[in-house]
Amino acid sequence: MAGAGRGAEEGEDVVAGVSERALFARPAPASLPLALPPLQQPGKSPPADVSTPPGIPAAGAAVRLRREFGRASWPRLRNGVARASELELDRGIAFLLVPVFLACGSIAYFSLAAEPGFAKPVAVAILMSLCALVSRSCPKTHLCFMAALLCALGMLAGKVETWRAGTRMLGSEISTQITGRVVSVDQMETGRIRLTIDVTSTARPKLLYAPERVRLSARKVPAEVTAGSLVTGYARLLPPTGPVRPDSYDFSFDSYFAGIGASGFFLGNPKIVSADDRPLWAALSAAIESARESIADHIRGSIGGAEGEIAAALIVGVRAGIPDEINEAMRRTGIYHIISISGLHMALVAGTVMGLLRGGFALFPNFSSRRPVKKYAAAAALFSIAAYLVISGVVVAAERSFIMLAVMLIAVLCDRAALTMRNLAISAIAVIVVSPHEVVGPSFQMSFAATAALVGGYAGWSDRKADKARTPPPQRTLPGLLTRKLLLATGGLAMTSIIAGSATALFAIWHFQRVSPLSLFANLAVMPIVSVVMFLAVASALLMPFGFDGPSLYLMGKGLTAMIAISGWISQRSPVDAVGLISQQSVLLVAIALVIATMATTWLRLAALPFALAGLLTVSDTRTPDVLISEDARLVALPIGGGELAINRARPNEFTVDNWKRALKSETIVAPELFDSGDRQFDIFDPAQLPAGAPFYCFTGLCMARHPSGAIIAQVEDRKDAWRACSYADLIVINDPAGYDPCHNPLVLVITKRQLARKGSAAVFFDQQSATAPARVSFAVDRPYRPWHEQRKFSREARGLPPYRKPEKPTADPAQ
């Protein structure tokens, strides 16, 4: 969205460079929304209503002016708002708000406490359609009903996607013989092999409600295993896990819409069985996946090391083998978006292809002057990103980015401006219609927030430049010209990082509880390298079929080595990035401010300021949990002050603990102190020995700790020992599916394994005002269950049964 008149000397680019806002320009209104009283003209006497009578001081006249201005401001403000709103509608803001209301409807659907039937959203959509139809004569009412209709359609889209997914989810852990067809093969950083398998049959025991697709890891697989192979093996299946704490990322939600009904591991090495006939689409998918694996192996073999793994991730989307320390360094420096194939990579690929083709066409001026070579280049770029999407595995982020870039390239083919809010709105509508569940995820929110901020900022800057009179640039020497170009590129990159980082900061904190303080410097240092690396990646992909990709892959590896070194160096000097929890209303208010600021083109964009200010002021309007409990009742953690987090397990789940550390703003993990049955140093039944803020002390199946507030927490392995803690504990966690509340005391909060199996992980809050008030608990999963949580009620723990164990075969008596 360039300014008016921009591109007048660019030949075929004139249409694409015209600002859409200039098409709706209006003459300035006769009176401004907030007009001051008329000023005194030279040589004329002041008007009677604003003149200063004799004997009245100037201060009194100023008060009178302010009073008269106040009486006249409200009608003029209302008139100015009406004029600006009408101009916004003329410029097409109604269409830009379509994906916003669709997203609101989808978010409302996925936030419902219970699963609605099809009848309700369909009835609401029909009713709003009729109301919008009959209210066409009243524009304001018609717009309100259209907004409600779009929200209803967003809810209906979410319902349709949930019904269409219909993933079978495993309810409880079990070991069984799995036979199925391999969908993908991933080499993990630990050396294990991860297989995604479409299940064809189960045995020993045969599952009556078997998941259709599972994800299993193995220590070793036959070398002949590729996508499409039919394999079998005895495996331990685990149901999808829920959030590690309330209001955190729900893995069962993601698994449901990804079609993954269970995960686990092979108890031995899987074997290949004889292949059978398969449908055409399965054969085609297997061929594409085999090509991806072959390309990834070729890249790893050519480059080697962590650089080879990152190169494979950039070209074919295989990133399971990237070392954890490199992933963490990139997260701390804010450049992890480089690893995931998304809009950045799609744009670099499309830009590289278009630049190469237009540069090649420029060598033939006669042909270029008579043909729309820009459209030819755009068509080739569209084909290249479509091929890139297929070869990268059609992951969700790449699919969304492809839609965005495809809309913009099609706009170029149609002689329209490519980088506009309208094209971004079309992309968002397409993504919401195809995958409504993406709206509640961090990838969709951060991607579109950053893109909208960048497009809006670029449009505002272009309009500002268009309104200024341009003077001929002074003559510069070659060093001066190169220096100016370098400074402009650096400044543009810095502003891009600042705008995108500011637009996505609160979303990143809400979803990940972390920020990257040095992300600006990391992006400034790394992005030029990434641009060169992606150019070499495109060259490697083009030369690979002919066997000439060696030099480009070698240079690509050197560039990735520099990128890894820079990210590691900055990561070592980056401060702690954990910022803790923030309030949900602050994210909502900032999102509203972002929508107004990026979509409004008149002075109405100032309405974003109060929303942004309110969002920033309510960031800390949330309470940090005093105790966190995992959904399997095995892990309990509480902050004990000084940035320390006490846990009751010497070897906890690393992912869960890392998430808890960020949420509770803790830097250090304090392991429990263990005492055996013969140790008399610690009398477990005397809670007075536990100082406030003490870590866990564990003794024969019982662990105890004391919160800084003075509350005592006890974690019991056997329900038969739980009654012993009733006399002194404020919170008792029973890691026994058959456990119950033995205390019958309203002041003692008892949480059992059965409760956690049904309701998910828990957060406990102690009363800060009264030490005698009972604690309050919040669970991650509400009932009644949504479709992605239905499997929870079928687990053995949720039914109060111990884990399933295969009965042992009786041994023969040697004496007989």
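Residue positions are given per chain, counting from 1 as you read along its sequence in written order. It should be noted that, the model being predicted, local features are given only for residues of pLDDT at least 70 and side-chain atom pairs only at 80 or more, the latter also being counted only at that level, while totals for whole chains, interfaces and linings use all residues. Remark: hydrogens and water are excluded; side-chain values derive from all non-hydrogen atoms of the structure.

### Quick notes on the overall build of the protein chain
- For helices the rule is a DSSP run of H or I covering at least 4 residues; for strands it is a run of E covering at least 2, with both sets numbered from the N terminus onward. Scanning the protein chain from N- to C-terminus turns up 23 helices and 18 strands.
- Burial classes: relative accessible area under 20% of the type maximum marks a residue as buried, over 50% as exposed, and values in between as partly exposed (1.4 Å probe, protein chains only). Expressed as a percentage of the 816 residues in the protein chain, the buried residues total 44%.
- Considering only intrachain contacts with a sequence separation of at least 6, the fraction spanning at least 24 residues in the protein chain is 66%.
- Here the open area of atoms and residues is found with the Shrake-Rupley method and a 1.4 Å probe, where only the protein chains shown may cover a residue. Carbon and sulfur atoms provide 62% of the accessible area of the protein chain, an area that totals close to 42,000 Å². In what follows, residue pairs with any heavy atoms lying within 4.5 Å of each other are defined as contacts.

### Let's talk about the environment of Leu284
- The topology assignment puts Leu284 in helix H8 (residues 280-303).
- Measuring from C-alpha to C-alpha, the distance between Leu284 and Gly228 comes to 9.4 Å, with 56 residues separating the pair along the chain.

### So, a nonpolar patch on the surface
- Candidate patch residues must exceed 30% relative accessible area and have no salt bridge, after which like charges are joined if within 9 Å and Val, Leu, Ile, Met, Phe, Trp or Tyr side chains if within 5 Å. When a carboxyl oxygen of Asp or Glu lies within 4 Å of a side-chain nitrogen of Lys or Arg, that pair is called a salt bridge. Together, Phe118, Val122, Ile126, Leu130, Val160 and Trp163 give the surface a local cluster of nonpolar side chains, amounting to about 560 Å² of exposed area.
- Elements with a contribution of two residues or more to the nonpolar patch: helix H5 (119-134) and helix H6 (139-165).
- Element by element, the count of residues in the nonpolar patch is highest for H5, at three residues.
- Positionally, Val122 belongs in helix H5.

### Overview of the sheet that holds strand S13 (residues 702-706)
- Following DSSP output, two strands are said to pair if at least two bridges run between them. Read from one edge of the open sheet, six strands run S11-S12-S13-S14-S15-S16, paired in mixed fashion. Edge positions in the sheet fall to strand S11 (673-675) and strand S16 (749-752), since each of these pairs with one other strand and no more. Sheet twist, expressed as the average angle between the axes of neighbouring strands with direction ignored, equals 15 degrees.
- Sheet topology places strand S12 (residues 697-699) next to S13; three bridges connect them, and they run antiparallel. Following the sheet pairing, Tyr697 is matched in S13 by Met704. Axis definition: a line fitted to C-alpha atoms, over the contacting stretch in the case of helices. Angles run 0 to 180 degrees between N-to-C directions.

### Concerning the pattern of salt bridges
- Inspection of the entire model under this criterion finds 17 salt bridges.
- The residue Arg236 makes a salt bridge to Glu173 at a minimum N-O spacing of 3.2 Å. In this pair, Arg236 sits in strand S4 (residues 230-238) while Glu173 sits in the loop between H6 and strand S1 (174-187), placing the two residues 63 residues apart along the sequence.
- Using a relative accessible area of 18% as the deciding quantity, one classes Arg236 as buried.
- For Glu173, a relative accessible area of 38% translates into the label partly exposed.
- The partner of Asp658 in a salt bridge is Arg662, and the shortest N-O contact between them spans 2.5 Å. Highlighted residues: Asp658 and Arg662, both in helix H22 (residues 654-663), separated by four residues, approximately one helical turn.

### Description of the sheet that holds strand S8 (residues 636-641)
- Read from one edge of the open sheet, six strands run S10-S9-S8-S7-S17-S18, paired in mixed fashion. Two strands lie at the open edges of the sheet, namely strand S10 (668-670) and strand S18 (776-779), each paired on one side alone. Pairwise comparison of adjacent strand axes, ignoring direction, gives a mean angle of 25 degrees for this sheet.
- Pairing between S8 and strand S9 (residues 644-647): four bridges, direction antiparallel. Bridge assignment links Pro639 to a residue of S9, and that residue is Leu645.

### Overview of the packing of H8 against helix H9 (residues 305-316)
- Between H8 and H9, the shortest axis-to-axis distance is 8 Å and the interhelical angle comes to 150 degrees. The angle between the axes of H8 and H9 places the two elements in the roughly antiparallel class. Note on packing geometry: the crossing formed by H8 with H9 is right-handed. In this structure, H8 contributes Arg292, Ile295, Ala296, Ile299, Arg300 and Ile303 to the contact, and H9 contributes Gly305, Glu307, Gly308, Glu309, Ala311, Ala312, Ile315 and Val316.
- Throughout, the ten residues Ala, Val, Leu, Ile, Met, Phe, Trp, Tyr, Cys and Pro are labelled nonpolar, Asp, Glu, Lys and Arg are labelled charged, and all others, Gly among them, are labelled polar. When grouped by side-chain class, the residues that make up the contact of H8 with H9 number eight nonpolar, two polar and four charged. Orientation is classified from the angle alone, with under 35 degrees giving roughly parallel, over 145 giving roughly antiparallel, 65 to 115 giving roughly perpendicular, and any other angle giving oblique. Here a crossing is taken to be left-handed if its near helix is turned anticlockwise relative to the far helix by less than a right angle, and right-handed if that turn runs clockwise.

### Let's talk about the nonpolar core
- Core analysis: the biggest nonpolar cluster contains 53 residues, and Ile310 and Met556 have the highest contact counts within it.
- Residue assignment for this core shows that the elements contributing at least two residues are H8, H9, helix H10 (324-333), helix H11 (343-362), helix H13 (373-391), helix H14 (396-413), helix H18 (519-543) and helix H19 (550-572).
- Among the elements that take part in this core, H18 stands out by supplying ten residues, more than any other. Among buried residues, those of type Ala, Val, Leu, Ile, Met, Phe, Trp, Tyr and Cys that are joined through side-chain atoms within 4.5 Å constitute a nonpolar core.

### Structural notes on the side chain of Ser184
- Mapping Ser184 onto the fold places it in strand S1.
- Ser184 sits in the buried class, given a relative accessible area of 11%.

### Section: the state of the cysteines
- Note that a disulfide, as used here, is simply two cysteine sulfur atoms within 2.5 Å. In the structure shown here, the tally under the stated rule is two disulfides.
- A disulfide bridge connects Cys698 with Cys703, and the sulfur atoms are separated by 2.0 Å. Across the disulfide from Cys698 to Cys703, rotation about the S-S bond amounts to roughly 115 degrees, and the bridge is consequently right-handed. Cys703 matches Cys698 in its accessibility class, with the two residues each being buried.
- Each sulfur in the disulfide pair Cys726 and Cys743 lies 2.0 Å from the other. Because the torsion about its S-S bond is -80 degrees, the bridge between Cys726 and Cys743 counts as left-handed. Residue Cys726 is found in the loop between strand S14 (712-716) and strand S15 (731-734), and its partner Cys743 is found in the loop between S15 and S16; the two are separated by 17 residues along the sequence.
- The connectivity of the disulfide-linked cysteines in the protein chain, indexed sequentially, is 1-2, 3-4.

### What to know about a negative patch on the surface
- The grouping of Glu189, Asp324, Glu325 and Glu654 at the surface amounts to a negative patch.
- Structurally, the position occupied by Glu189 is in the loop between S1 and strand S2 (193-203). Within this scheme the basic residues Lys and Arg register as positive and the acidic residues Asp and Glu register as negative, but His and the chain ends are omitted. By convention, the point assigned to a charge is CZ for Arg, NZ for Lys, CD for Glu and CG for Asp.

### Regarding the side chain of Thr232
- Tracing the backbone shows Thr232 in strand S4.
- What qualifies as a polar contact is a pair of N or O atoms within 3.5 Å, subject to a donor-acceptor requirement within protein and to the restriction that residues adjacent in sequence count only when both atoms come from side chains. At a separation of 3.1 Å, a polar atom in the side chain of Thr232 contacts the main-chain carbonyl oxygen of Ile178.
- Polar side-chain contacts of Thr232 include one of 3.0 Å to the side chain of Thr179.
- Excluding residues within four positions of it along the chain, Thr232 makes contact with Gln177, Ile178, Thr179, Pro270, Lys271 and Val273.

### A word on the pairing of S15
- Burial along S15 is two-sided: the residues Leu731 and Val733 and Ile732 and Ile734 are all buried.
- In terms of strand pairing, S14 meets S15 through four bridges, oriented parallel. Counted as the bridge partner of Gln715 is Val733 from S15.

### Brief notes about the packing of aromatic side chains
- In this scheme Phe, Tyr and Trp rings, the latter by its six-membered ring, pair at centre separations within 6.5 Å, and the angle between planes marks the pair as stacked below 30 degrees, edge-to-face above 60, and tilted otherwise. A complete count under the given rule lists 16 aromatic pairs for this structure.
- With a centroid separation of 5.5 Å and an interplanar angle of 90 degrees, the aromatic rings of Phe110 and Phe253 are classed as edge-to-face. Here Phe110 is found in helix H4 (residues 98-110), whereas its partner Phe253 is found in helix H7 (residues 251-258), with 143 residues between them in sequence.
- Consider the rings of Tyr249 and Phe251, whose centres lie 5.1 Å apart with planes at 80 degrees: the pair is edge-to-face.
- The class for Phe251 is partly exposed, based on a relative accessible area of 26%.

### Considerations on a positive patch on the surface
- A cluster of basic residues, Lys465, Arg476, Arg484 and Lys485, forms a positive patch at the surface.
- Mapped onto the elements of the fold, Arg484 is located in helix H17 (residues 478-512).
- We classify Arg484 as partly exposed; its relative accessible area is 34%.

### Thoughts on the environment of Arg649
- One can find Arg649 in the loop between S9 and H22.
- Between the C-alpha atom of Arg649 and that of Leu635, which follows or precedes it by 14 residues, the distance is 6.5 Å.
- Sequence-distant contacts of Arg649, defined by excluding residues within four places in its chain, comprise Arg634, Leu635, Pro672, Gln715, Glu717 and Asn735.
- A polar side-chain atom of Arg649 sits 2.9 Å from the main-chain carbonyl oxygen of Arg634.
- For Arg649, the side chain forms a polar contact with the side chain of Glu717, separated by 2.8 Å.

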